Amino acid sequence: MTGARAKADRFYSFLAGLALLGWSSALLSAAPGAGFRITPYLQNPSETAITVTWLSEDDRPGLLRLMSGQGIEIRQLRSLPVLARALEYQAGEMIEPDSGLARNLPYLHQQRIEGLEPGGAYRFLVEQGGESAGGQFHTPDKSKSSLRFIVFGDSETEPESAGKFTPWPGAGDAEPERKYLVDQETGYRANLELIRGRSPDFVAIAGDLVESGGEQRDWDEFWRLTAPLASETFLIPALGNHEYFAGPGALGQYGPEASRQAVDRYLTYFDLPANNSGRQAHRERYYTVNWNAVTLVVLDLNNGTPQRSSSDTNWFLLGDGEGGQAPDWKPGSEQYRWLEQALEQAQQNSAFTFVMFHHCPYSSGVHGLPPGERDGEDRLSGRPLRVLTPLFMRYGVDVVLTGHDEMYEHSLVPGQEILPGGKSREHALHVYDVGVGGDGLRGPISGLENPYRVFLAHQDAPEIRDDQGVLVDGGKHYGHLEVNVTASDSGAWEARLDMVYLFPVAGEDGQYRFERRLYNDGTLLVSQPE
Ligand SMILES: [Fe+2]
(Lines give C-alpha, C1' and ligand atoms only; values in the text may rest on other atoms or scores of the structure.)
Protein backbone atom coordinates (compact mmCIF):
# COMPACT_ATOMS: atom_id res chain seq x y z
CA MET A 1 0.00 0.00 0.00
CA THR A 2 1.40 3.42 -0.91
CA GLY A 3 1.74 6.14 1.69
CA ALA A 4 -0.88 8.28 -0.02
CA ARG A 5 -3.29 5.37 -0.22
CA ALA A 6 -2.74 4.48 3.44
CA LYS A 7 -3.33 8.10 4.36
CA ALA A 8 -6.53 8.16 2.33
CA ASP A 9 -7.70 4.92 3.96
CA ARG A 10 -7.06 6.38 7.39
CA PHE A 11 -9.04 9.46 6.40
CA TYR A 12 -12.00 7.34 5.33
CA SER A 13 -11.75 5.20 8.45
CA PHE A 14 -11.94 8.48 10.32
CA LEU A 15 -15.05 9.51 8.37
CA ALA A 16 -16.56 6.07 8.88
CA GLY A 17 -15.83 6.46 12.58
CA LEU A 18 -17.72 9.74 12.57
CA ALA A 19 -20.53 7.90 10.84
CA LEU A 20 -20.57 5.31 13.59
CA LEU A 21 -20.76 8.11 16.13
CA GLY A 22 -23.97 9.36 14.56
CA TRP A 23 -22.51 11.82 12.07
CA SER A 24 -23.59 9.60 9.26
CA SER A 25 -25.55 12.07 7.19
CA ALA A 26 -23.77 15.20 8.25
CA LEU A 27 -21.94 17.21 5.70
CA LEU A 28 -18.39 16.44 6.76
CA SER A 29 -16.54 19.17 4.94
CA ALA A 30 -17.66 22.17 3.01
CA ALA A 31 -16.60 24.24 0.07
CA PRO A 32 -19.72 26.38 -0.48
CA GLY A 33 -21.24 26.31 -3.91
CA ALA A 34 -19.03 23.59 -5.36
CA GLY A 35 -20.48 20.36 -4.03
CA PHE A 36 -23.97 19.12 -3.27
CA ARG A 37 -27.24 20.74 -4.25
CA ILE A 38 -28.94 17.83 -2.42
CA THR A 39 -26.99 15.45 -0.19
CA PRO A 40 -27.23 11.68 -0.93
CA TYR A 41 -30.50 9.84 -0.31
CA LEU A 42 -31.57 6.18 -0.55
CA GLN A 43 -34.12 4.59 -2.87
CA ASN A 44 -35.34 1.47 -4.62
CA PRO A 45 -34.24 -1.29 -2.21
CA SER A 46 -34.09 -4.95 -3.20
CA GLU A 47 -32.30 -7.84 -1.50
CA THR A 48 -29.18 -7.28 -3.59
CA ALA A 49 -29.30 -3.71 -4.93
CA ILE A 50 -30.16 -0.17 -3.88
CA THR A 51 -29.88 3.32 -5.37
CA VAL A 52 -28.05 6.31 -3.90
CA THR A 53 -29.02 9.64 -5.50
CA TRP A 54 -27.59 13.11 -5.05
CA LEU A 55 -27.53 16.39 -6.95
CA SER A 56 -24.47 18.52 -7.47
CA GLU A 57 -23.83 22.14 -8.33
CA ASP A 58 -21.49 21.34 -11.22
CA ASP A 59 -20.77 18.55 -13.70
CA ARG A 60 -17.89 16.89 -11.87
CA PRO A 61 -18.38 13.17 -11.20
CA GLY A 62 -18.73 12.17 -7.58
CA LEU A 63 -17.07 9.26 -5.81
CA LEU A 64 -19.20 6.86 -3.80
CA ARG A 65 -17.35 4.72 -1.25
CA LEU A 66 -19.32 1.69 -0.12
CA MET A 67 -18.36 0.33 3.28
CA SER A 68 -19.36 -2.56 5.47
CA GLY A 69 -21.38 -1.87 8.61
CA GLN A 70 -18.05 -1.71 10.48
CA GLY A 71 -16.71 0.97 8.15
CA ILE A 72 -14.34 -1.22 6.05
CA GLU A 73 -14.29 0.03 2.47
CA ILE A 74 -15.67 -2.54 0.00
CA ARG A 75 -15.97 -0.69 -3.26
CA GLN A 76 -15.61 2.66 -5.00
CA LEU A 77 -18.05 3.84 -7.65
CA ARG A 78 -17.60 6.95 -9.79
CA SER A 79 -20.90 8.62 -10.73
CA LEU A 80 -22.01 9.89 -14.10
CA PRO A 81 -23.51 13.39 -13.70
CA VAL A 82 -26.50 14.22 -15.90
CA LEU A 83 -27.83 17.75 -16.30
CA ALA A 84 -31.24 17.74 -14.58
CA ARG A 85 -33.14 19.70 -17.21
CA ALA A 86 -36.54 18.98 -15.62
CA LEU A 87 -35.56 20.93 -12.50
CA GLU A 88 -35.65 24.36 -14.09
CA TYR A 89 -37.21 27.16 -12.04
CA GLN A 90 -40.35 28.56 -13.59
CA ALA A 91 -40.12 32.25 -14.44
CA GLY A 92 -43.17 32.97 -12.28
CA GLU A 93 -41.86 31.34 -9.10
CA MET A 94 -41.50 33.85 -6.30
CA ILE A 95 -37.87 33.66 -5.26
CA GLU A 96 -36.59 36.20 -2.79
CA PRO A 97 -33.11 37.48 -3.80
CA ASP A 98 -31.63 36.52 -0.42
CA SER A 99 -33.44 33.16 -0.10
CA GLY A 100 -30.34 31.18 -0.98
CA LEU A 101 -32.21 29.32 -3.72
CA ALA A 102 -30.19 28.75 -6.86
CA ARG A 103 -31.52 29.26 -10.35
CA ASN A 104 -28.89 27.30 -12.27
CA LEU A 105 -29.65 23.68 -13.16
CA PRO A 106 -28.06 21.03 -10.94
CA TYR A 107 -26.57 17.70 -12.05
CA LEU A 108 -28.19 14.40 -11.11
CA HIS A 109 -26.12 11.47 -9.86
CA GLN A 110 -28.14 8.27 -9.61
CA GLN A 111 -25.86 5.42 -8.55
CA ARG A 112 -27.29 1.90 -8.52
CA ILE A 113 -25.24 -0.38 -6.24
CA GLU A 114 -25.64 -4.07 -7.12
CA GLY A 115 -24.25 -7.33 -5.78
CA LEU A 116 -25.18 -6.64 -2.14
CA GLU A 117 -25.86 -9.31 0.48
CA PRO A 118 -29.53 -9.86 1.44
CA GLY A 119 -29.98 -8.42 4.92
CA GLY A 120 -26.52 -6.82 4.76
CA ALA A 121 -25.67 -3.67 6.71
CA TYR A 122 -23.68 -1.02 4.84
CA ARG A 123 -22.40 2.53 5.11
CA PHE A 124 -21.53 4.88 2.31
CA LEU A 125 -19.76 8.14 1.78
CA VAL A 126 -20.04 10.39 -1.27
CA GLU A 127 -17.37 12.93 -2.18
CA GLN A 128 -18.60 15.67 -4.46
CA GLY A 129 -16.74 18.84 -5.39
CA GLY A 130 -14.78 19.02 -2.15
CA GLU A 131 -17.69 18.09 0.08
CA SER A 132 -18.47 14.73 1.67
CA ALA A 133 -21.75 13.33 2.95
CA GLY A 134 -22.86 9.82 3.72
CA GLY A 135 -25.32 7.53 5.38
CA GLN A 136 -26.15 3.93 6.11
CA PHE A 137 -28.64 1.29 5.05
CA HIS A 138 -29.42 -2.39 5.14
CA THR A 139 -31.06 -4.53 2.50
CA PRO A 140 -34.22 -6.63 2.92
CA ASP A 141 -33.90 -10.34 3.62
CA LYS A 142 -36.71 -12.88 3.48
CA SER A 143 -35.18 -14.83 6.35
CA LYS A 144 -35.18 -11.83 8.72
CA SER A 145 -37.90 -11.86 11.34
CA SER A 146 -38.70 -8.19 11.77
CA LEU A 147 -39.45 -5.06 9.81
CA ARG A 148 -40.38 -1.53 10.80
CA PHE A 149 -41.76 1.03 8.39
CA ILE A 150 -43.44 4.38 8.74
CA VAL A 151 -46.07 6.05 6.58
CA PHE A 152 -47.36 9.61 6.28
CA GLY A 153 -48.87 11.76 3.57
CA ASP A 154 -49.24 15.40 2.72
CA SER A 155 -45.99 17.06 3.74
CA GLU A 156 -46.76 19.61 1.00
CA THR A 157 -43.53 21.51 1.49
CA GLU A 158 -43.04 25.08 0.22
CA PRO A 159 -40.97 28.01 1.49
CA GLU A 160 -44.20 29.60 2.82
CA SER A 161 -44.64 26.67 5.28
CA ALA A 162 -42.36 28.61 7.63
CA GLY A 163 -44.63 30.94 9.53
CA LYS A 164 -47.85 29.35 8.21
CA PHE A 165 -50.13 28.06 10.96
CA THR A 166 -52.76 25.66 9.64
CA PRO A 167 -56.42 25.90 10.74
CA TRP A 168 -57.10 23.65 13.72
CA PRO A 169 -60.86 23.43 14.20
CA GLY A 170 -62.02 22.06 17.55
CA ALA A 171 -64.19 18.97 17.92
CA GLY A 172 -67.79 19.38 16.82
CA ASP A 173 -68.23 22.87 15.43
CA ALA A 174 -66.08 24.48 18.13
CA GLU A 175 -63.58 27.18 17.24
CA PRO A 176 -63.56 26.80 13.44
CA GLU A 177 -61.10 29.70 13.09
CA ARG A 178 -58.51 28.41 15.57
CA LYS A 179 -54.92 27.97 14.30
CA TYR A 180 -52.46 25.22 15.20
CA LEU A 181 -49.78 25.81 17.83
CA VAL A 182 -46.70 25.55 15.58
CA ASP A 183 -46.14 26.41 11.94
CA GLN A 184 -46.13 23.77 9.19
CA GLU A 185 -42.37 23.66 8.79
CA THR A 186 -41.87 23.14 12.53
CA GLY A 187 -44.48 20.35 12.48
CA TYR A 188 -42.92 18.57 9.50
CA ARG A 189 -39.38 18.91 10.87
CA ALA A 190 -40.46 17.50 14.24
CA ASN A 191 -42.24 14.63 12.49
CA LEU A 192 -39.10 13.75 10.50
CA GLU A 193 -36.93 13.97 13.60
CA LEU A 194 -39.16 11.58 15.51
CA ILE A 195 -39.25 9.18 12.56
CA ARG A 196 -35.46 9.25 12.28
CA GLY A 197 -35.17 8.32 15.94
CA ARG A 198 -37.21 5.17 15.29
CA SER A 199 -34.74 3.89 12.63
CA PRO A 200 -37.38 2.51 10.24
CA ASP A 201 -36.34 0.19 7.40
CA PHE A 202 -38.22 2.44 5.01
CA VAL A 203 -40.52 5.46 4.99
CA ALA A 204 -43.51 5.50 2.64
CA ILE A 205 -45.13 8.81 1.64
CA ALA A 206 -48.73 8.60 0.43
CA GLY A 207 -48.51 11.53 -1.99
CA ASP A 208 -48.58 15.35 -1.86
CA LEU A 209 -44.91 15.56 -0.96
CA VAL A 210 -44.81 19.17 -2.15
CA GLU A 211 -47.32 22.00 -2.35
CA SER A 212 -46.80 22.64 -6.08
CA GLY A 213 -45.14 19.87 -8.09
CA GLY A 214 -44.25 22.42 -10.76
CA GLU A 215 -42.47 24.85 -8.44
CA GLN A 216 -38.81 24.01 -8.08
CA ARG A 217 -38.51 25.96 -4.84
CA ASP A 218 -41.10 23.60 -3.25
CA TRP A 219 -38.94 20.62 -4.21
CA ASP A 220 -35.84 22.40 -2.89
CA GLU A 221 -37.67 22.72 0.40
CA PHE A 222 -38.74 19.05 0.40
CA TRP A 223 -35.19 17.80 -0.02
CA ARG A 224 -33.64 20.36 2.32
CA LEU A 225 -35.87 18.96 5.05
CA THR A 226 -36.14 15.30 4.02
CA ALA A 227 -32.75 14.28 2.54
CA PRO A 228 -31.06 13.86 5.97
CA LEU A 229 -33.67 11.26 6.99
CA ALA A 230 -33.42 9.62 3.56
CA SER A 231 -29.67 9.08 4.01
CA GLU A 232 -30.51 6.46 6.64
CA THR A 233 -33.74 4.94 5.34
CA PHE A 234 -35.36 4.35 1.94
CA LEU A 235 -38.07 6.69 0.67
CA ILE A 236 -41.01 4.96 -1.03
CA PRO A 237 -43.28 7.65 -2.55
CA ALA A 238 -46.67 7.73 -4.26
CA LEU A 239 -47.81 10.50 -6.57
CA GLY A 240 -50.47 12.83 -5.14
CA ASN A 241 -52.55 15.43 -6.91
CA HIS A 242 -50.12 18.12 -5.75
CA GLU A 243 -47.27 16.44 -7.67
CA TYR A 244 -49.44 16.98 -10.78
CA PHE A 245 -50.21 20.57 -9.78
CA ALA A 246 -47.84 22.95 -11.57
CA GLY A 247 -48.58 25.94 -9.35
CA PRO A 248 -51.27 28.59 -8.94
CA GLY A 249 -52.40 30.95 -11.69
CA ALA A 250 -49.96 31.48 -14.53
CA LEU A 251 -47.69 28.71 -13.23
CA GLY A 252 -50.06 26.35 -15.03
CA GLN A 253 -52.28 24.67 -12.43
CA TYR A 254 -53.43 21.32 -13.89
CA GLY A 255 -52.85 22.25 -17.55
CA PRO A 256 -51.68 19.16 -19.52
CA GLU A 257 -48.18 20.38 -20.40
CA ALA A 258 -47.68 22.08 -17.01
CA SER A 259 -48.69 18.86 -15.21
CA ARG A 260 -46.34 16.80 -17.37
CA GLN A 261 -43.46 19.09 -16.43
CA ALA A 262 -44.46 18.96 -12.76
CA VAL A 263 -44.43 15.14 -12.68
CA ASP A 264 -41.10 15.19 -14.55
CA ARG A 265 -39.55 16.80 -11.47
CA TYR A 266 -40.83 13.98 -9.27
CA LEU A 267 -39.58 11.36 -11.75
CA THR A 268 -36.17 13.05 -11.90
CA TYR A 269 -35.68 12.78 -8.15
CA PHE A 270 -36.91 9.21 -7.72
CA ASP A 271 -35.57 5.93 -9.03
CA LEU A 272 -38.42 3.45 -8.55
CA PRO A 273 -38.97 -0.22 -9.42
CA ALA A 274 -39.99 -1.09 -12.98
CA ASN A 275 -43.61 -2.04 -13.65
CA ASN A 276 -42.79 -3.35 -17.14
CA SER A 277 -45.51 -1.25 -18.73
CA GLY A 278 -44.93 -0.73 -22.43
CA ARG A 279 -46.05 2.88 -22.08
CA GLN A 280 -43.41 5.43 -21.24
CA ALA A 281 -46.03 7.57 -19.46
CA HIS A 282 -46.66 4.76 -16.94
CA ARG A 283 -43.00 4.33 -16.00
CA GLU A 284 -42.35 4.53 -12.22
CA ARG A 285 -45.90 5.72 -11.47
CA TYR A 286 -47.02 2.38 -10.03
CA TYR A 287 -44.75 -0.33 -8.65
CA THR A 288 -44.21 -3.01 -6.01
CA VAL A 289 -41.71 -3.19 -3.14
CA ASN A 290 -41.08 -6.47 -1.29
CA TRP A 291 -39.51 -6.42 2.17
CA ASN A 292 -39.41 -9.63 4.21
CA ALA A 293 -43.03 -10.61 4.96
CA VAL A 294 -44.59 -7.53 3.36
CA THR A 295 -45.52 -6.57 -0.18
CA LEU A 296 -46.24 -2.87 -0.64
CA VAL A 297 -48.04 -2.02 -3.88
CA VAL A 298 -47.91 1.67 -4.82
CA LEU A 299 -50.45 3.11 -7.26
CA ASP A 300 -51.13 6.31 -9.18
CA LEU A 301 -54.91 6.86 -8.97
CA ASN A 302 -54.80 10.60 -9.57
CA ASN A 303 -57.19 10.68 -12.50
CA GLY A 304 -60.22 8.69 -13.57
CA THR A 305 -62.14 8.38 -16.79
CA PRO A 306 -64.41 9.55 -18.26
CA GLN A 307 -63.28 13.07 -17.51
CA ARG A 308 -65.58 14.95 -15.12
CA SER A 309 -67.71 11.92 -14.35
CA SER A 310 -68.61 10.04 -11.18
CA SER A 311 -65.43 7.96 -11.84
CA ASP A 312 -63.04 10.92 -11.89
CA THR A 313 -60.70 11.59 -8.95
CA ASN A 314 -59.47 14.89 -10.43
CA TRP A 315 -61.89 17.04 -12.42
CA PHE A 316 -59.07 19.45 -13.35
CA LEU A 317 -56.76 16.93 -15.06
CA LEU A 318 -57.74 16.09 -18.61
CA GLY A 319 -57.67 12.70 -20.35
CA ASP A 320 -55.54 9.73 -19.32
CA GLY A 321 -52.27 8.03 -19.98
CA GLU A 322 -50.29 10.68 -21.85
CA GLY A 323 -47.97 13.48 -20.89
CA GLY A 324 -48.74 14.90 -17.48
CA GLN A 325 -51.89 12.85 -17.20
CA ALA A 326 -52.12 10.05 -14.71
CA PRO A 327 -52.58 6.47 -15.94
CA ASP A 328 -56.16 5.25 -15.90
CA TRP A 329 -57.11 2.84 -13.14
CA LYS A 330 -60.64 1.76 -13.97
CA PRO A 331 -61.37 -2.00 -14.22
CA GLY A 332 -59.88 -3.26 -17.49
CA SER A 333 -57.26 -0.50 -17.75
CA GLU A 334 -53.55 -1.34 -17.98
CA GLN A 335 -52.84 -0.22 -14.40
CA TYR A 336 -55.81 -2.27 -13.12
CA ARG A 337 -54.60 -5.41 -14.91
CA TRP A 338 -51.08 -4.87 -13.54
CA LEU A 339 -52.56 -4.36 -10.05
CA GLU A 340 -54.49 -7.62 -10.22
CA GLN A 341 -51.30 -9.54 -11.07
CA ALA A 342 -49.34 -7.75 -8.34
CA LEU A 343 -52.00 -8.57 -5.74
CA GLU A 344 -52.19 -12.20 -6.81
CA GLN A 345 -48.43 -12.58 -6.37
CA ALA A 346 -48.52 -10.79 -3.03
CA GLN A 347 -51.31 -13.04 -1.75
CA GLN A 348 -49.22 -16.08 -2.59
CA ASN A 349 -45.81 -14.83 -1.46
CA SER A 350 -46.26 -12.37 1.40
CA ALA A 351 -47.73 -12.56 4.89
CA PHE A 352 -49.20 -9.06 4.50
CA THR A 353 -50.22 -6.96 1.51
CA PHE A 354 -50.25 -3.18 1.86
CA VAL A 355 -51.46 -0.91 -0.95
CA MET A 356 -50.60 2.80 -0.97
CA PHE A 357 -52.06 5.60 -3.09
CA HIS A 358 -53.07 9.19 -2.47
CA HIS A 359 -56.86 9.69 -2.41
CA CYS A 360 -58.72 8.06 0.48
CA PRO A 361 -61.75 6.06 -0.72
CA TYR A 362 -63.47 6.12 2.68
CA SER A 363 -63.27 9.52 4.32
CA SER A 364 -65.27 11.87 6.52
CA GLY A 365 -63.39 14.84 5.08
CA VAL A 366 -64.03 17.12 2.13
CA HIS A 367 -62.62 14.61 -0.37
CA GLY A 368 -65.09 12.03 0.95
CA LEU A 369 -67.85 13.95 -0.84
CA PRO A 370 -68.98 12.55 -4.22
CA PRO A 371 -67.19 13.89 -7.31
CA GLY A 372 -68.62 17.00 -8.91
CA GLU A 373 -68.59 20.75 -8.75
CA ARG A 374 -71.93 21.56 -7.15
CA ASP A 375 -72.52 22.17 -3.44
CA GLY A 376 -71.92 18.96 -1.50
CA GLU A 377 -69.54 17.61 -4.16
CA ASP A 378 -65.77 17.68 -4.57
CA ARG A 379 -63.54 17.97 -7.65
CA LEU A 380 -60.78 15.87 -6.05
CA SER A 381 -62.94 13.14 -4.56
CA GLY A 382 -61.52 9.81 -3.39
CA ARG A 383 -64.91 8.12 -3.50
CA PRO A 384 -64.64 6.74 -7.08
CA LEU A 385 -61.78 4.54 -5.83
CA ARG A 386 -64.26 2.38 -3.94
CA VAL A 387 -64.64 0.50 -7.22
CA LEU A 388 -61.24 -1.08 -6.40
CA THR A 389 -62.38 -2.46 -3.02
CA PRO A 390 -63.70 -5.79 -4.43
CA LEU A 391 -60.28 -6.42 -6.01
CA PHE A 392 -58.46 -5.57 -2.76
CA MET A 393 -60.86 -7.85 -0.89
CA ARG A 394 -60.57 -10.74 -3.33
CA TYR A 395 -56.80 -10.89 -2.95
CA GLY A 396 -56.84 -10.31 0.81
CA VAL A 397 -55.20 -6.88 0.88
CA ASP A 398 -54.67 -6.14 4.56
CA VAL A 399 -54.12 -2.40 4.62
CA VAL A 400 -54.75 0.56 2.31
CA LEU A 401 -52.55 3.60 3.08
CA THR A 402 -53.62 7.03 1.84
CA GLY A 403 -53.58 10.73 2.64
CA HIS A 404 -55.27 13.66 0.84
CA ASP A 405 -57.86 14.54 3.49
CA GLU A 406 -55.24 15.62 6.05
CA MET A 407 -56.95 13.97 9.01
CA TYR A 408 -56.08 10.82 10.87
CA GLU A 409 -58.95 8.46 10.00
CA HIS A 410 -59.12 4.66 10.15
CA SER A 411 -61.87 2.66 8.45
CA LEU A 412 -62.56 -1.06 8.50
CA VAL A 413 -64.36 -2.54 5.50
CA PRO A 414 -65.71 -6.11 5.76
CA GLY A 415 -65.74 -8.57 2.85
CA GLN A 416 -64.60 -11.93 1.51
CA GLU A 417 -61.12 -12.99 0.43
CA ILE A 418 -60.88 -15.69 -2.26
CA LEU A 419 -58.00 -18.05 -1.45
CA PRO A 420 -55.76 -19.45 -4.23
CA GLY A 421 -57.56 -22.82 -4.01
CA GLY A 422 -60.93 -21.16 -4.65
CA LYS A 423 -62.29 -21.21 -1.09
CA SER A 424 -63.37 -17.93 0.44
CA ARG A 425 -63.06 -16.57 3.96
CA GLU A 426 -64.15 -13.47 5.82
CA HIS A 427 -61.71 -10.62 5.46
CA ALA A 428 -61.40 -7.09 6.84
CA LEU A 429 -59.68 -4.32 4.91
CA HIS A 430 -58.10 -1.55 7.00
CA VAL A 431 -58.09 1.83 5.27
CA TYR A 432 -56.03 4.70 6.70
CA ASP A 433 -55.81 8.39 5.91
CA VAL A 434 -52.45 9.41 7.39
CA GLY A 435 -52.23 12.75 5.59
CA VAL A 436 -50.97 14.63 8.65
CA GLY A 437 -47.29 14.75 7.68
CA GLY A 438 -46.86 18.50 7.91
CA ASP A 439 -49.56 20.53 6.19
CA GLY A 440 -53.26 20.60 7.16
CA LEU A 441 -55.03 19.31 10.27
CA ARG A 442 -58.61 19.29 9.08
CA GLY A 443 -61.88 18.21 10.61
CA PRO A 444 -64.72 16.22 9.04
CA ILE A 445 -67.51 17.60 6.85
CA SER A 446 -70.72 17.87 8.84
CA GLY A 447 -73.46 15.55 7.66
CA LEU A 448 -71.08 13.28 5.72
CA GLU A 449 -71.23 9.67 6.90
CA ASN A 450 -68.37 7.24 6.51
CA PRO A 451 -70.07 4.01 7.60
CA TYR A 452 -66.76 2.15 7.93
CA ARG A 453 -65.02 4.65 10.18
CA VAL A 454 -63.59 3.20 13.40
CA PHE A 455 -61.38 6.14 14.47
CA LEU A 456 -61.12 9.82 13.61
CA ALA A 457 -58.63 11.85 15.65
CA HIS A 458 -60.88 14.91 15.46
CA GLN A 459 -63.72 13.08 17.24
CA ASP A 460 -62.13 10.15 19.04
CA ALA A 461 -59.10 11.80 20.64
CA PRO A 462 -60.76 14.60 22.61
CA GLU A 463 -58.58 17.43 23.84
CA ILE A 464 -57.93 17.12 27.57
CA ARG A 465 -57.03 20.39 29.32
CA ASP A 466 -55.94 21.19 32.86
CA ASP A 467 -57.46 23.82 35.17
CA GLN A 468 -55.49 26.55 33.43
CA GLY A 469 -56.81 25.44 30.06
CA VAL A 470 -53.47 24.00 28.95
CA LEU A 471 -53.76 21.02 26.63
CA VAL A 472 -52.35 17.97 28.43
CA ASP A 473 -53.36 15.16 26.06
CA GLY A 474 -55.39 14.25 22.99
CA GLY A 475 -56.43 16.40 20.04
CA LYS A 476 -55.32 16.21 16.45
CA HIS A 477 -51.68 16.80 15.64
CA TYR A 478 -49.00 16.07 13.07
CA GLY A 479 -47.89 12.44 13.04
CA HIS A 480 -47.37 9.18 11.17
CA LEU A 481 -48.34 5.52 11.17
CA GLU A 482 -45.71 3.12 12.49
CA VAL A 483 -45.89 -0.51 11.35
CA ASN A 484 -43.89 -3.21 13.17
CA VAL A 485 -43.86 -6.66 11.57
CA THR A 486 -42.44 -9.62 13.49
CA ALA A 487 -42.33 -13.39 13.18
CA SER A 488 -43.47 -15.32 16.23
CA ASP A 489 -41.93 -18.63 17.40
CA SER A 490 -44.91 -20.52 15.93
CA GLY A 491 -44.09 -19.24 12.46
CA ALA A 492 -46.99 -16.79 12.30
CA TRP A 493 -46.35 -13.19 11.33
CA GLU A 494 -47.76 -10.28 13.25
CA ALA A 495 -48.11 -6.69 12.10
CA ARG A 496 -48.74 -4.02 14.71
CA LEU A 497 -50.05 -0.68 13.42
CA ASP A 498 -49.90 2.38 15.67
CA MET A 499 -50.77 5.97 14.85
CA VAL A 500 -48.17 8.22 16.43
CA TYR A 501 -48.92 11.86 17.13
CA LEU A 502 -46.49 14.60 18.09
CA PHE A 503 -47.86 16.13 21.25
CA PRO A 504 -46.58 19.72 21.64
CA VAL A 505 -45.43 20.73 25.11
CA ALA A 506 -44.61 24.41 25.67
CA GLY A 507 -41.33 25.17 27.43
CA GLU A 508 -40.72 28.18 29.64
CA ASP A 509 -39.14 29.93 26.67
CA GLY A 510 -42.43 29.61 24.77
CA GLN A 511 -40.92 27.10 22.34
CA TYR A 512 -42.58 23.73 21.84
CA ARG A 513 -40.95 20.37 22.16
CA PHE A 514 -42.78 17.26 21.01
CA GLU A 515 -43.61 14.04 22.84
CA ARG A 516 -44.25 10.80 20.96
CA ARG A 517 -47.74 9.62 21.84
CA LEU A 518 -50.09 7.01 20.37
CA TYR A 519 -53.76 7.36 19.57
CA ASN A 520 -55.91 4.73 21.22
CA ASP A 521 -56.36 2.92 17.92
CA GLY A 522 -53.68 0.24 17.69
CA THR A 523 -54.32 -2.69 15.36
CA LEU A 524 -52.73 -6.14 15.42
CA LEU A 525 -52.83 -8.24 12.25
CA VAL A 526 -51.90 -11.91 12.41
CA SER A 527 -50.97 -14.03 9.40
CA GLN A 528 -50.99 -17.76 10.04
CA PRO A 529 -48.59 -20.00 8.11
CA GLU A 530 -50.13 -22.21 5.38
FE1 LIG B 1 -54.14 15.68 -2.08
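Residues numbered from 1 in each chain as written. Predicted model: local features only at pLDDT ≥ 70, side-chain atom pairs only at ≥ 80, totals over all residues. Heavy atoms only, no water.

(A) View of the layout of surface pockets. When its volume is computed, the largest pocket comes out at roughly 730 Å³. Lining the largest pocket are 29 residues, and of these Ser350, Ala351, Arg425, Ser527 and Gln528 sit closest to its centre. Ranked by residues supplied to the lining of the largest pocket, first place goes to strand 17 (residues 424-434) with five residues. Here the residues of the lining of the largest pocket sort into eleven nonpolar, twelve polar and six charged. (1 Å grid on protein atoms, 1.4 Å probe; cavity = no way out; pocket = protein on both sides within 12 Å on 5 of 7 lines; lining within 4 Å. Points joined across faces, edges and corners; volume = space filled by probe spheres on them. Helix = DSSP H or I, 4+ residues; strand = E, 2+ residues; numbered from the N terminus. Nonpolar A, V, L, I, M, F, W, Y, C, P; charged D, E, K, R; others polar.)

(B) Structural detail: the coordination of the iron ion. Surrounding the iron ion are the protein donor atoms Asp208 (OD), Asn241 (OD1), His358 (NE2) and His404 (ND1), at 2.1 to 2.2 Å. One can describe the donor arrangement at the iron ion as irregular, given that its four donor atoms subtend angles of 85 to 162 degrees at the metal. Positions of the donor residues of the iron ion along the chain correspond to the pattern D-x32-N-x116-H-x45-H. With Asp208 in the loop between strand 10 (202-205) and helix 3 (216-230) and His404 in the loop between strand 15 (399-402) and strand 16 (408-418), this pair connects stretches of sequence that are 196 residues apart. Residue His404 is classed as buried on the basis of its relative accessible area of 3%. (Donors = N, O, S within 2.8 Å, 3.2 Å for Na, K, Ca; no water. Tetrahedral: all angles 85-135°; square planar, octahedral: opposite > 155°, others 65-115°. Buried < 20%, exposed > 50% of the residue type's maximum accessible area, 1.4 Å probe, protein only.)

(C) Local environment of the sheet that holds strand 13 (residues 294-298). Read from one edge to the other, the open sheet built from seven strands follows the order 12-13-14-15-17-16-18, with strand pairing classed as mixed. Two strands close off the open sheet at either side, each with one partner strand: strand 12 (287-291) and strand 18 (453-456). Taking each pair of neighbouring strands and ignoring which way they run, the sheet shows an average axis angle of 20 degrees. Strand contacts of helix 6 (residues 334-349): strand 12, strand 13, strand 14 (352-356) and strand 16, with the helix running at about 170 degrees to strand 13, the strand carrying the most contacts. (Pairing = 2+ DSSP bridges. Axes fitted to C-alpha atoms, helices over the stretch in contact; angles between N-to-C directions. Contact = heavy atoms within 4.5 Å.)

(D) Seen up close, the pattern of salt bridges. Enumeration according to the criterion identifies 31 salt bridges in this entry. Across the pair Lys164 and Glu158 runs a salt bridge whose closest N-O atoms are separated by 2.8 Å. Salt bridges sharing common partners tie together Arg148, Arg198, Glu482 and Arg516. (Salt bridge = Lys/Arg side-chain N within 4 Å of Asp/Glu carboxyl O.)

(E) Quick look at the nonpolar core. Counting 97 residues, the largest nonpolar core has Trp223, Phe354 and Leu401 as its most contacted members. Shared between two domains, this core holds at least three residues of each, these being domain 1 (3-138) and domain 2 (146-527). Discounting residues that sit within four places of it in the chain, Phe354 has contacts with Phe149, Val294, Thr295, Leu296, Val297, Val399, Leu401, Val483 and Leu497. Counting 25 residues, the second largest nonpolar core, distinct from the first, contains Trp329, Ala342, Leu343 and Val397. (Core = buried A, V, L, I, M, F, W, Y, C linked by side-chain atoms within 4.5 Å. Domains from an automatic or database assignment.)

(F) Focus on the sheet that holds strand 3 (residues 63-68). Reading across from one edge, 4-3-7-8 is the order of the four strands in this open sheet, with antiparallel pairing throughout. Strands at the two margins of the open sheet, each flanked by one partner only, are strand 4 (73-78) and strand 8 (131-138). Averaged over all pairs of adjacent strands, the angle between their axes in this sheet comes to 20 degrees, without regard to strand direction. When strand 3 meets strand 7 (residues 121-128), the two strands line up antiparallel, connected through six bridges. Within strand 7, the residue paired with Met67 across the bridge is Arg123.

(G) Region of the structure containing the pairing of strand 9 (residues 146-152). Most of strand 9 sits inside the fold, with five of its seven residues counted as buried. Pairing of strand 9 with strand 10 involves four bridges; the strand directions are parallel. For Ile150, the partnering residue across the bridge sits in strand 10 and is Val203. Note on the crossover from strand 9 through helix 2 (residues 184-197) to strand 10: the handedness is right-handed. (Right-handed = clockwise from strand over helix to strand, strands pointing away.)

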